[in-house]
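The chain contents come next:
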Amino acid sequence: MSSILSREFYARTALEVAPDLLGCLLVRELDGERLVGRIVETEAYYGEEDAASHAFRGPTERNRAMFGPAGHAYIYLIYGMYYCLNVVTGEEGRGEAVLIRALEPLQGIEMMKQRRGRDKVRELTNGPAKLCQALGIDRRLYGHDLTLGRVLWIESGPRPHEPILTGPRVGVRGDEHARNAAWRFYLQHNPFVSPAR
DNA sequence: GTCAAGATTAGT
DNA sequence: CTAATCTTGACG
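Not measured: the values here are computed from a predicted model. (Residues numbered from 1 in each chain as written. Chains lettered and ligands numbered in written order. Predicted model: local features only at pLDDT ≥ 70, side-chain atom pairs only at ≥ 80, totals over all residues. Heavy atoms only, no water.)

S.K.: Please give an account of unusual backbone geometry that cites residues and values.
M.R.: The phi torsion of most residues other than glycine is negative, and most of the peptide bonds are trans. For Y79, which is not glycine, the phi dihedral falls at a positive 55°. The residue Y79 is located in the loop between β3 (73-78) and β4 (82-89) in this model. On the accessibility criterion, Y79 (70% relative accessible area) is exposed. Phi at V151 is positive, roughly 70°, even though this residue is not glycine. Within the secondary structure layout, V151 lies in the loop between α4 (128-135) and β6 (152-155). (Helix = DSSP H or I, 4+ residues; strand = E, 2+ residues; numbered from the N terminus. Buried < 20%, exposed > 50% of the residue type's maximum accessible area, 1.4 Å probe, protein only.)

Structure follows, in structure tokens:
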């Protein structure tokens, strides 16, 4: 039994949504196939007060989705070649989002292998840019409404058996608080969590 | 208009 | 450790 996550689910703070997304299923419909991964790692970005967030300096053309209603996709291009997927959370205008950092591939693994150009299931979706490549997520899905249940959405899943661990976010800049806050959430011992830095 | 930096990844 | 690759936003 699983259901599409609602606007109300996403409308809570990023700090609440990020851990709750662990164990949920990210679903992508692509070329008539369904690609599914279990979310095993997330990071919360907590609005304009978060020095590590793209929302830190207020709304811009790039981050405008972050300041829109919850439950939409905020996608950005990094290093000129990779995309990363966030889900917008919190009250409209807050600029909060949760970065999806890693998935455990469940369905459509062959297509993921082909899209990623590699064979090891372990390396298919164990990073924010890797999972976007595996699931065919790019600019075209910028601002996509994840509550519609088509093209790209998230469903509830079985409660994770693994304990949830927290720690500092990966690769972020900013003030001391931004760098130290334990706003990364992941499932203990799960082999699909992104490699340690 | 110019320019440096980037919530990463793969390869040496 | 470093190259790859290009958009964004800060600055003037």
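S.K.: Residues and numbers for helix α3 (residues 109-116), please.
M.R.: Within an α-helix, residues lying three or four positions from one another point in the same direction, as the helix has 3.6 residues per turn. M111, M112, K113 and R116 are the residues of α3 that are buried. Each element contacted by the buried residues of α3 is listed here: β1 (25-30), β2 (33-46), β5 (96-107) and α4. Once α3 finishes, G117 follows within two positions and takes phi at roughly 70°, a positive value. (Contact = heavy atoms within 4.5 Å.)

S.K.: Please provide a residue-by-residue account of the protein's contact with DNA strand C, values included.
M.R.: Around DNA strand C sit R57, T60, E61, R62, L77, Y79, G80, M81 and R139, and that is every residue in its neighbourhood. Those atoms of DNA strand C that come within 4 Å of the protein belong to sugar or phosphate at a rate of 67%. R62 has a polar backbone atom sitting 3.4 Å from a phosphate oxygen of DNA strand C. The side chain of R139 places a nitrogen or oxygen atom 3.2 Å from a phosphate oxygen of DNA strand C. (Near = heavy atom within 4 Å. Polar contact = N/O pair within 3.5 Å; in protein donor to acceptor, adjacent residues only side chain to side chain.)

S.K.: So, the pairing of β2: which residues are in play, and what are the values?
M.R.: With twelve of 14 residues buried, β2 lies mostly within the body of the structure. Two strands pair when backbone bridges link them, and β1 and β2 are joined in this way by six bridges, in the antiparallel orientation. Within the sheet, the bridge partner assigned to E29 lies in β2 and is R34. Relative to β5, β2 runs antiparallel, the two sharing ten bridges. Along β5, the bridge assignment pairs E41 with A102. Strand direction decides the pairing type here: β2 and strand β8 (residues 184-187), joined by three bridges, are antiparallel. Across the sheet, E43 pairs through a bridge with R184, a residue of β8. (Pairing = 2+ DSSP bridges.)

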